[in-house]
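Observations on chain architecture
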Protein chains: 2
Amino acid sequence: MSEKQVYFFGNKTAEGNGSMRELLGGKGANLAEMNLIGIPVPPGFTITTEVCTLYYKVGREAVIRQIRGDVQAAMGKVEASVNGPKFGDNKNPLLVSVRSGARASMPGMMDTILNLGLNDEAVETIATKSGNPRFAWDSYRRFVQMYGDVVLDLKPASKEDHDPFEEIIDKMKKDKGIQLDTDLTPDDLKQLVALFKKAVKDKTGKDFPIDPWEQLWGAVMAVFGSWMNDRAILYRKLNNIPAEWGTAVNVQAMVFGNMGANSATGVAFTRDAATGEALFNGEYLINAQGEDVVAGIRTPQQITKIGSQRWAKLANVPEEERAAEYPSLEESMPSVYQDLFSTQKHLEQHHKDMQDIEFTIQDGKLWMLQTRNGKRTGAAMVKIAIDMFREGVIDEQTALLRCEAQKLDELLHPVFDADALSAGTLIARGLPASPGAATGQIIFFAEDAETWAAQGKKTILVRTETSPEDLKGMYVAEGILTARGGMTSHAAVVARGMGKCCVSGAGSIVIDYKARTLTIDGKTLKEGDWISLNGSTGNVYSGQIKTREAELSGDFAELMTLSEKYARLQVRTNADTPHDAQVARNFGAQGIGLCRTEHMFFEGEKIIPMREMILADDEAGRRKALAKLLPLQRADFEGIFEAMQELPVTIRLLDPPLHEFVPHDLKGQEEMAKVMGISLKKVQEKVESLHEFNPMLGHRGCRLGNTYPEITEMQTRAIIEAALNLKKRGITAIPEIMVPLVGILYELKYQEQIIRMTAQNVFDEYNDRIDFKIGTMIEVPRAALTANRIAETAEFFSFGTNDLTQMTFGYSRDDIAKFLPVYLEKNILKSDPFQILDQKGVGQLIGMATVNGRSVRPELKVGICGEHGGEPSSVEFCHHIGLNYVSCSPFRVPIARLAAAHAAIKGNK
Amino acid sequence: MSEKQVYFFGNKTAEGNGSMRELLGGKGANLAEMNLIGIPVPPGFTITTEVCTLYYKVGREAVIRQIRGDVQAAMGKVEASVNGPKFGDNKNPLLVSVRSGARASMPGMMDTILNLGLNDEAVETIATKSGNPRFAWDSYRRFVQMYGDVVLDLKPASKEDHDPFEEIIDKMKKDKGIQLDTDLTPDDLKQLVALFKKAVKDKTGKDFPIDPWEQLWGAVMAVFGSWMNDRAILYRKLNNIPAEWGTAVNVQAMVFGNMGANSATGVAFTRDAATGEALFNGEYLINAQGEDVVAGIRTPQQITKIGSQRWAKLANVPEEERAAEYPSLEESMPSVYQDLFSTQKHLEQHHKDMQDIEFTIQDGKLWMLQTRNGKRTGAAMVKIAIDMFREGVIDEQTALLRCEAQKLDELLHPVFDADALSAGTLIARGLPASPGAATGQIIFFAEDAETWAAQGKKTILVRTETSPEDLKGMYVAEGILTARGGMTSHAAVVARGMGKCCVSGAGSIVIDYKARTLTIDGKTLKEGDWISLNGSTGNVYSGQIKTREAELSGDFAELMTLSEKYARLQVRTNADTPHDAQVARNFGAQGIGLCRTEHMFFEGEKIIPMREMILADDEAGRRKALAKLLPLQRADFEGIFEAMQELPVTIRLLDPPLHEFVPHDLKGQEEMAKVMGISLKKVQEKVESLHEFNPMLGHRGCRLGNTYPEITEMQTRAIIEAALNLKKRGITAIPEIMVPLVGILYELKYQEQIIRMTAQNVFDEYNDRIDFKIGTMIEVPRAALTANRIAETAEFFSFGTNDLTQMTFGYSRDDIAKFLPVYLEKNILKSDPFQILDQKGVGQLIGMATVNGRSVRPELKVGICGEHGGEPSSVEFCHHIGLNYVSCSPFRVPIARLAAAHAAIKGNK
């Protein structure tokens, strides 16, 4: 515990400063700092966060004993600063505000009590001195209500219950037949105070405290107490804030924006928080206290004239009316405005970031109550960072660090057109599985989605859950909505890969495939009805809400260039089509880290020879079918190699269990039998024989290539022939052949043999050659554990973190929904390990395998290609353990690039 | 390469000795050693294994160039020893045998060529000198045939094809109207030789080699060549013999057992290989060469008189006839017998182990051709080791090491009565899933097995595959037969746990549950028909073959006592019932390492409240059902604690996914609906909601206890109450509560909290307490990786190697049959990792976790409780990494105890 527990500030001096956030909280540190840089701030003092921690150790009384003297001393300095009023002197009362202030801003905690120090005697003094009894009694009424609610705990726990004070006000307004609080007379307010105090007595059994010091201690302790209320605990959990931090308490002399026409209160941003434009802006209210701005009872006015004029244009208010009725602060109080303008400039310059400020004007004098870095949209984040870098305010590393990687996501996907939102009605909520907005007509079957798309219709594919068979339908739909499945369900993973909007696990939706309808809480929508999805929030709307495409600015491009300069990790993409490859390349991908060949087999007619192969009874039969697949697959690779020319393309050999390629429903099986010209029974027997109890741990990955080497042979041939064909056209392909699901060195050796032999055969036939690498996916724990052996053969490792997470935890991604929510709620897991890489377990394996692999092959190229490749904290981890690259879905490439730059910059600090 | 490549032996001297197995092979080393200890052995020399390796490097000609001089020199020494005959001298020819001899005896390689050195001229010399033309020409005929077959490669590759030489003989016998080879005259034999040589010329285009040196080099190179033939390669693979070892070649002067009535040949064992009785025994044939004994053309006679008399009694031969027609060697050649008897005694004493010897008597003189440690049954193995220890021949450590742990299995299970075998007909083969023999009436449904058992009927439960619902039926059946599933299928694992005979995966069996029949290759058996199973071989017989129980001898008990003395690892058992606990305790188990509580829930009526719990919609409903389970489960634990009193009992909390407790077929669901008094639809909805894509990685283990803490509460209460109830009766229970499937520290902490709180509540209610431990199963890779964290809370670790193997390899035990056979065949895997612990991967995790766990909790108790706990090489591994115990099924406890002693003894050497 530090020696000093109470820090005074005021009159442009301060005992603390802006760097003392840990001890003074964000608000306290900023108040001190503002004083130090000469900004007018009402005097006050901060009780440190350590006192909060002490409170939870020793309790209320002991804490008060400990700090009483310091607080009294600090209050004395405040009194000295305001020159006259004294705290607790009813003849000349000093009123104070009491505010919480943790290190990080924390909604959910007790926030503010204003006008503390008032009582029946002091209120009369103020009424007299101010000549404004209404102001005095309104302040008193507000104080009793706030204090009763939060310190005396009269605020109801649930929103459904009524606040006892609001009930009293409502009743009085009803009795008097008035609508607005402002219509209450000073006498009404006086009567309200009496009624409020009676309510307090009724509920608590005690009189409302009239001693200002008793009021103060009550308020300070209530702030400490609120640190552990449920909402605060939940917020900390969601935001990874440790409970040990504690909150500080700020006690500050009141200034009044509600002292008449020459007083006001307002909030402002030094730049536009939505667009990032370098334009001072904000709102104010004349004759009001802070809460009125938020309450929305009166329409706040714009601070700047230009802002006011913009507002008027949107609101269709003529200029004359605007200037008369809604003048800007710039117009109504030009001199105060000048003060405010230079102050905000000063604050932004000082903090070197866009500020969100609160101010009060009391009787023509400007007081700053708060400044903090302003929240902003993703677009504003990028623009402000780059602008400030260009302005020379910050350097390029700071500009990079200012941009939160995850927030770039906002910039990369279509969004609802703000003007069109009213066209939709919220009907359900699911998980925000893949960001962006989409609108389209409901369709229930993938093949119908294709048909409709061919007719130029926009569709939303709605399924209970999706499977690989739905792939093409997903591809042509605008968005995907599923009733089951989590953030890492098939639908979610595939949609993110495609950069397509998806809402998954919308549990209230019941789909009737036969009737082609979906029902939500009794409301039925049918095929062809319009719905709209917000994949960034999980909201589902009925109706057609227009969307607009994301536009990537020059600032964004500059941010990416800067990232490039610092990032040491390369960023590749997971892409299975030339289109995805191109998208990712445009986003700056430096190659393909994962090209899943199986997706190709679902496309169009390819499924037929694939199924022929599966149905074949022997190798000869399989070879016959594979021969039909060869030219199709080769063409696929040619397209992808061309899109990625000069950059490496990692191609994973066939991975999923074969049962994913056959239909599991009667209709599909009948169709398959018809197309194949065999009996339904034979199809069903084959499907049955492919059944596995745990397909995730079954006959898949290189276990396929090792039992049916002819598959590996065909795929290798397709890859090498494609590369050689492009070479003839002067295009350089750099294939890296990746063997999936290796757990044993000999699995890889066996595949390597087939690949090298096949490649040599093709080289001989073409009388030409290309360079290629052979490597493996490390996704089975055993492979990671024996990486030093596997690196004898593997020229590269790519960690498949999805499967590695599944097997390291023993979690089936498809079944985790049964316990993950409970685990997160009970804090058994801090986060979903499929979204944020588990560094302790899975990360340990990755680190170990990287070190051991490089111990036998120093030049081993190592990357990851699971879902985590685009998640900033996981990217940072990959940087720190020295991987060469991460690979992620195309739309996450910019995020990963920025995260990689962050990791490098932080690593050098 | 050693300096010396050819080692002479003969005349009681030798350049090598018995310790040089690596260089001289087993046979060569033993031949040298016999000379050194004064045993009469025909002189000869050994070409080393290194020459074989050289052969595969530089080829035939270079090898011959390299060793020609040494071989000639060695042959000179042989000639000197035999005093007269010279190799290659047709006027006084020395004939030799050429035999392969690897370090380990290896069927499948070229074995022996006799009489090498004969040609048209030498044969005449021998005919004249021996005065026995028939012997001379018969020897020549045999030589040409053997040489032609194996050196000149005339032996057909497939058994279906005819040996060209046999065809010639058959034709001659047919032409001459004779049956036996012995009826062929010398002229016939002479003509055969001519025909044989013509056949060689026809097939190879070359004349049969007449130069003895050419013959010799051909034979030597053929031995080397046979090292790499398919059968030898397969054998090495099956027995883990490295290809690099190579084989030696032994060239030895011929002695002839076929030189007349004063000559003979035979094989003998120094003790009884079947029972272990200390009784010299063997068979011989007068006037015969070694191969005749094996060929079975003539009935060999017993060597000892007592053996002869025993044989006569079994064969119903009167004593007079026996003595006249089938005299023992002891009777027919008493002096040679005395030599043989003292020689075998000498050899056994020298080698300190039961010997398997080959000898030839040439003209009244005894020559030893081979001695080696004799193969024996499990029972003989134990008796011989303990007898020799008692006799003072070997010490107790050697006695222990002489007993192969795995072979004890033979002693522990019922076997078919040898006299009753003819009662059955082999109808199918499956996997030897759980050893022993069983006979009973076919039954297809578990509940019927219970009914029939209640009526005193013996049954064999026949299922396509079993599930936990069949448990009780499996328990009452004599044996289990399944059409699907491998060595680690549900049926196999459970049966081994019960010590019950099981044949699994008998693929040719088709079961028609409706008709209550099974069909094998068109043959149909129906419910109630008798079948018999051999779980040690996988054979399935129709008919009733009587079995007899295993009897454990005093020698066995002594072996176990000795094991106890040396073993450092404790051996516990996996047991879920008082009966199993008692069986294991009788076998020497030192506690229960795994008591699976879920099996209890299937027994009798317990399934009903279990299903009520699963069906419950909320915690209150679950608690209601659990309250019904509590007394039942408590009674289970009381029984087990009583059987295991004073010894620790590790109880695993509920582990399997809940869907295992509900019926998946319509009939079962209808029944469940009826019993529960709810609609079929509700049952089906629940079953559907419990469905998982990968149940192995799903909602199971402590994920259940953490989502439904009331289950953990009930189980803890049952355990603690049971222990306290026994305490009242003066019985000490030592419960260790094991939380399954932990992957995250907080999963265990959360469970620990519930367990400790519940236990404290029970202590308070009873006003008494007991000691208990809380630990965890380490079966998820992440738990092993973060063992240092988990050991903060866990008081013991038990590695669940089944699941740990599943997740470390990413293999589903239930699905592995799709690729495991191919992996074993292609040598991608050396063994099934579910049977033999994978030390490189899974073992690495176990070792790492043990070290890391003990680094934070030095007294941490660590064991394994997977299937590997009873597999000798895995037990040895557990010893070496310092575990405290292994736990295995009751019938494997003795095996594990012996293996533990082996590990300790080997570790100290």
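Predicted model only: the values in this text are computed from it and were never measured. (Residues numbered from 1 in each chain as written. Chains lettered and ligands numbered in written order. Predicted model: local features only at pLDDT ≥ 70, side-chain atom pairs only at ≥ 80, totals over all residues. Heavy atoms only, no water.)

Some points on the overall build of chain A
Stated precisely, the cut-off is as follows: Only runs of H or I of at least four residues qualify as helices and only runs of E of at least two qualify as strands under DSSP, and these elements are numbered from the N terminus. Remark: exposure states derive from per-residue accessible area (1.4 Å probe, protein chains only) relative to the maximum for the residue type, with buried under 20%, exposed over 50%, and partly exposed in between. Contacts are assigned to residue pairs with any non-hydrogen atoms lying within 4.5 Å of each other. Accessible areas in this description were obtained via Shrake-Rupley with a 1.4 Å probe; residue shielding takes into account the shown protein chains only. Positive: Lys, Arg. Negative: Asp, Glu. His and the chain ends are not part of the count. Lys charges are placed at NZ, Arg charges at CZ, Asp charges at CG and Glu charges at CD.
For chain A, the count of helices and strands is 37 helices and 32 strands. Counting all 909 residues of chain A, 59% fall into the buried class. Counting only contacts in chain A whose residues sit at least 6 apart along the sequence, the fraction spanning at least 24 positions is 68%. Accessible surface computed for chain A: about 36100 Å², of which carbon and sulfur atoms make up 50%. Here chain A carries 104 positive and 119 negative side-chain charges, and the mean point of each set is 2 Å from the other.

Observations regarding the sheet that holds strand 6 (residues 247–253) of chain A
Within a beta sheet, neighbouring strands are joined by backbone hydrogen bonds and run either parallel or antiparallel to one another. Residue and element names in this part refer to chain A. Convention followed: Pairs of strands are assigned from DSSP output, requiring at least two bridges between the strands. Between the N-to-C directions of two axes lies an angle of 0 to 180 degrees, each axis being a line fitted to C-alpha atoms and, for a helix, fitted only over the stretch in contact.
Read across the sheet, 6 strands follow the order 2-1-3-6-4-5 without closing on themselves; strand pairing throughout is antiparallel. Edge positions in the sheet fall to strand 2 (13–14) and strand 5 (112–116), since each of these pairs with one other strand and no more. By the bridge criterion, 7 bridges tie strand 4 (residues 96–102) to strand 6 in an arrangement that is antiparallel. Bridged to Val96 within strand 6 is Ala253. Running at roughly 120° to strand 4, helix 1 (residues 21–36) makes contact with strand 1 (6–10), strand 2, strand 3 (44–47), strand 4 and strand 6 of the sheet.

Quick word on the relation of the copies chain B and chain A
We count it as follows: For the least-squares superposition of copies, only C-alpha atoms count, and only for residues with pLDDT at least 70 in both.
The two copies are related by a screw operation: chain B maps onto chain A through 179° of rotation and 0.0 Å of translation along the axis, at an RMSD of 0.4 Å. In short, the pair behaves as if placed about a two-fold rotation axis. For chain B, the minimum C-alpha distance to the rotation axis belongs to B:Asn694 and amounts to 2.2 Å. A share of 98% of the interface residues of chain B reappears at the interface of chain A, consistent with the copies meeting face to face through the same patch.

A word on the interface of chain B and chain A
This is how it is decided: Put simply, buried area is how much 1.4 Å-probe accessible surface two parts lose in total, over both of them, once they are put together. The rule for a salt bridge is simple: a side-chain nitrogen of Lys or Arg has to be within 4 Å of a carboxyl oxygen of Asp or Glu.
Contacts between the two partners involve 52 residues from chain B and, on the opposite side, 51 residues from chain A. Each partner contributes to the roughly 4600 Å² buried at the junction of chain B and chain A, and carbon and sulfur atoms together form 58% of this total. Area buried by chain B at its contact with chain A is led by B:Leu697, B:Arg782 and B:Lys818, which between them contribute 14% of it. If you look at where chain B meets chain A, you find 2 salt bridges. The salt bridge involving A:Arg782 is made with B:Asp838; its shortest N-O contact spans 2.6 Å.

Focus: a negative patch on the surface
All names here are of chain A. Basically, it comes down to this: Only residues whose relative accessible area exceeds 30% and that form no salt bridge are eligible for patches; like-charged ones are grouped when within 9 Å, while nonpolar side chains (Val, Leu, Ile, Met, Phe, Trp, Tyr) are grouped when within 5 Å.
Among the surface-exposed residues, Glu447, Glu469, Asp665, Glu670 and Glu671 lie close enough to one another that they form a single negatively charged patch. Positionally, Glu469 belongs in the loop between strand 16 (459–463) and helix 19 (471–476). In this structure Glu469 comes out as partly exposed when scored by relative accessible area, which is 37%.

Regarding unusual backbone geometry
All names here are of chain A. Located in the positive-phi region is Asn115, a residue other than glycine, with phi close to 65°. Mapping Asn115 onto the fold places it in strand 5. Of note, Glu646 is a non-glycine position whose phi angle comes to about 75°, a positive value. One can find Glu646 in the loop between helix 25 (619–643) and strand 27 (648–652).

Remarks on the packing of aromatic side chains
Residue and element names in this part refer to chain B. Here is the rule: Planes of paired rings set the category: under 30 degrees apart is stacked, over 60 is edge-to-face and the rest tilted, where pairs are Phe, Tyr or Trp rings (Trp by its six-membered ring) whose centres lie within 6.5 Å. Criterion for a charge above a ring: Arg CZ or Lys NZ at most 6 Å from the ring centre, at most 35 degrees from the ring normal.
Following the criterion strictly, the structure yields 48 aromatic pairs over all chains and no others. Ring centres 6.3 Å apart and planes at 75° place the aromatic pair Phe797 and Phe799 in the edge-to-face group. Note on accessibility: Phe797 and Phe799 belong to one class, buried. A cation over an aromatic ring shows up here: Arg236 above the ring of Trp227, its NZ or CZ 3.9 Å from the ring centre.

Things to note about the nonpolar core
Which entries qualify depends on this criterion: Each nonpolar core is a collection of buried residues, namely Ala, Val, Leu, Ile, Met, Phe, Trp, Tyr and Cys, held together in the definition by side-chain atoms within 4.5 Å.
The biggest cluster of nonpolar side chains holds 294 residues, and the ones touching the most others in it are A:Phe641, A:Phe797, A:Phe799, B:Phe641, B:Phe797 and B:Phe799. Contacts of B:Phe641, omitting those with residues within four sequence positions, involve B:Val649, B:Ile651, B:Ile719, B:Ala722, B:Ala723, B:Leu726, B:Ala733 and B:Pro735.

What to know about the pattern of salt bridges
Residue and element names in this part refer to chain B. Within the structure shown, the criterion is met by 120 salt bridges over all chains. Asp803 serves as the salt-bridge partner of Arg700, at 2.6 Å between the closest nitrogen and oxygen. Here Arg700 is found in the loop between helix 27 (680–689) and helix 28 (702–707), whereas its partner Asp803 is found in helix 33 (residues 801–809), with 103 residues between them in sequence. For the pair formed by Arg700 and Asp803, the shared burial category is buried. Between Asp771 and Arg769 there is a salt bridge, and its shortest N-O distance comes to 3.5 Å.

Overview of a nonpolar patch on the surface
Together, A:Tyr56, A:Met228 and A:Ile233 make up a nonpolar patch on the protein surface, roughly 250 Å² of accessible area in all. According to the relative accessible area criterion, A:Tyr56 is partly exposed, its value standing at 36%.

Notes on the sheet that holds strand 20 (residues 517–520) of chain B
Residues and elements named next belong to chain B. In space, the 3 strands of this open sheet follow the order 19-20-21, with antiparallel pairing throughout. Each end of this open sheet is capped by a strand with a single partner; those strands are strand 19 (509–512) and strand 21 (523–526). Adjacent strand axes in the sheet meet at a mean angle of 25°, parallel and antiparallel pairs treated alike. Two strands pair when backbone bridges link them, and strand 20 and strand 21 are joined in this way by 4 bridges, in the antiparallel orientation. Counted as the bridge partner of Ile520 is Lys523 from strand 21.

Thoughts on empty space enclosed by the protein
All names here are of chain A. As a reminder, the rule being used: A 1.4 Å probe that fits but cannot get out identifies a cavity on a 1 Å grid over protein atoms alone, an open set with protein on both sides within 12 Å along at least five of seven lines counts as a pocket, and a residue lines either if it has an atom within 4 Å of a point. Grid points are joined across faces, edges and corners, and a volume is the space filled by probe spheres set on the points. Amino acids outside the nonpolar list (Ala, Val, Leu, Ile, Met, Phe, Trp, Tyr, Cys, Pro) and the charged list (Asp, Glu, Lys, Arg) are all regarded as polar, and Gly is one of them.
As enumerated under the stated definition, the model contains 5 cavities of 30 Å³ or more in all. Volume-wise, the largest cavity comes out at about 60 Å³. Together, Arg496, Asn574, Gly866, Glu867, Gly870, Cys888, Ser889 and Arg892 line the largest cavity. Grouping the amino acids of the lining of the largest cavity by side-chain chemistry returns 1 nonpolar, 4 polar and 3 charged.

Re the pairing of strand 11 (residues 365–373) of chain A
Successive side chains on a regular strand alternate, one facing one side of the sheet and the next facing the other. All names here are of chain A. By the bridge criterion, 8 bridges tie strand 10 (residues 355–362) to strand 11 in an arrangement that is antiparallel. Looking at the pairing, Phe359 lines up with Met368 of strand 11. Hairpin remark: strand 10 followed by strand 11, antiparallel, with 2 residues in the connecting loop; positive phi at Asp363, about 55°.

Notes on the state of the cysteines
All names here are of chain A. Going by this rule: Pairs of cysteine sulfur atoms within 2.5 Å are identified as disulfides in what follows.
The tally for this structure, following the rule as stated, stands at 0 disulfides over all chains. Cys595 carries a free sulfur, and the closest cysteine sulfur to it, the one in Cys865, is 11 Å from it. Owing to a relative accessible area of 0%, Cys595 belongs among the buried residues under this scheme. Of all cysteine sulfurs, the one in Cys865 lies closest to Cys702, which takes part in no disulfide; the gap is 14 Å.

Things to note about helix 35 (residues 842–856) of chain A
For clarity, the threshold we go by: Here a helix's expected span is defined as the number of its residues, less one, multiplied by 1.5 Å.
Compared with an ideal rise of 1.5 Å per residue, which puts 15 residues at 21 Å, helix 35 of chain A spans 22 Å between its outermost C-alpha atoms and is within 8% of the ideal. All buried positions along helix 35 of chain A are accounted for by A:Val842, A:Gly843, A:Leu845, A:Ile846, A:Gly847, A:Met848, A:Ala849, A:Thr850 and A:Gly853.

Digging into the packing of helix 33 of chain B against helix 35 (residues 842–856) of chain B
Residues and elements named next belong to chain B. Note the threshold: Crossings are assigned a handedness: left-handed for a near helix turned anticlockwise from the far helix by less than a right angle, right-handed for a clockwise turn.
Where helix 33 meets helix 35, the closest approach of the two axes is 9 Å, and the angle between their N-to-C directions is 115°. You can see that helix 33 and helix 35 cross each other, and the crossing is right-handed. Together, Thr801, Leu804, Thr805, Thr808 and Phe809 of helix 33 and Val842, Leu845 and Ile846 of helix 35 make up the contact between the two elements. Here the contact of helix 33 with helix 35 is composed, by residue class, of 5 nonpolar, 3 polar and no charged.

Some points on the environment of B:Val71
Residue and element names in this part refer to chain B. Mapping Val71 onto the fold places it in helix 3 (residues 60–82). By relative accessible area, Val71 is classed as buried at 1%. In this structure the C-alpha to C-alpha distance between Val71 and Val6, which are 65 residues apart in sequence, comes to 6.5 Å. Those residues within four positions of Val71 in sequence are excluded, and the remaining contacts are Val6, Phe45, Ile47, Trp213, Leu216 and Trp217.

Examining the packing of helix 26 (residues 666–676) of chain A against helix 27 (residues 680–689) of chain A
Angle between the axes and distance between the axes: these two values describe a pair of packed helices. Residues and elements named next belong to chain A. Keep this limit in mind: Working rule for angles: under 35 degrees goes down as roughly parallel, over 145 as roughly antiparallel, 65 to 115 as roughly perpendicular, anything else as oblique.
The interhelical angle for the contact between helix 26 and helix 27, taken along N-to-C directions, is 120°, at an axis separation of 8 Å. When the axes of helix 26 and helix 27 are compared, the pair comes out oblique. As helix 26 packs across helix 27, the resulting crossing turns out to be right-handed. Taken together, the residues of helix 27 that come into contact with helix 26 (itself represented by Leu666, Gln669, Glu670, Met672 and Ala673) are Leu680, Val683, Gln684 and Val687. Residues belonging to the contact of helix 26 with helix 27 are distributed by class as follows: 6 nonpolar, 2 polar and 1 charged.

A short note on the confidence of the model for chain A
Applied cut-off: Predictor confidence is given residue by residue as pLDDT, running from a minimum of 0 to a maximum of 100.
This prediction gives chain A a mean pLDDT of 91; 98% of its residues lie at or above 70. Interface predicted TM-score (ipTM) for the complex: 0.82; the corresponding pTM is 0.83.

Section: the pairing of strand 32 (residues 885–888) of chain A
Residues and elements named next belong to chain A. With burial as the criterion, each face of strand 32 is covered, one bearing Tyr885 and Ser887 and the other bearing Val886 and Cys888. Bridge count for strand 25 (residues 570–574) against strand 32 is 4 bridges, and the pairing is parallel. Across the sheet, the residue bridging to Val571 is Val886, located in strand 32. Note that strand 31 (residues 861–864) and strand 32 share 2 bridges and pair parallel.

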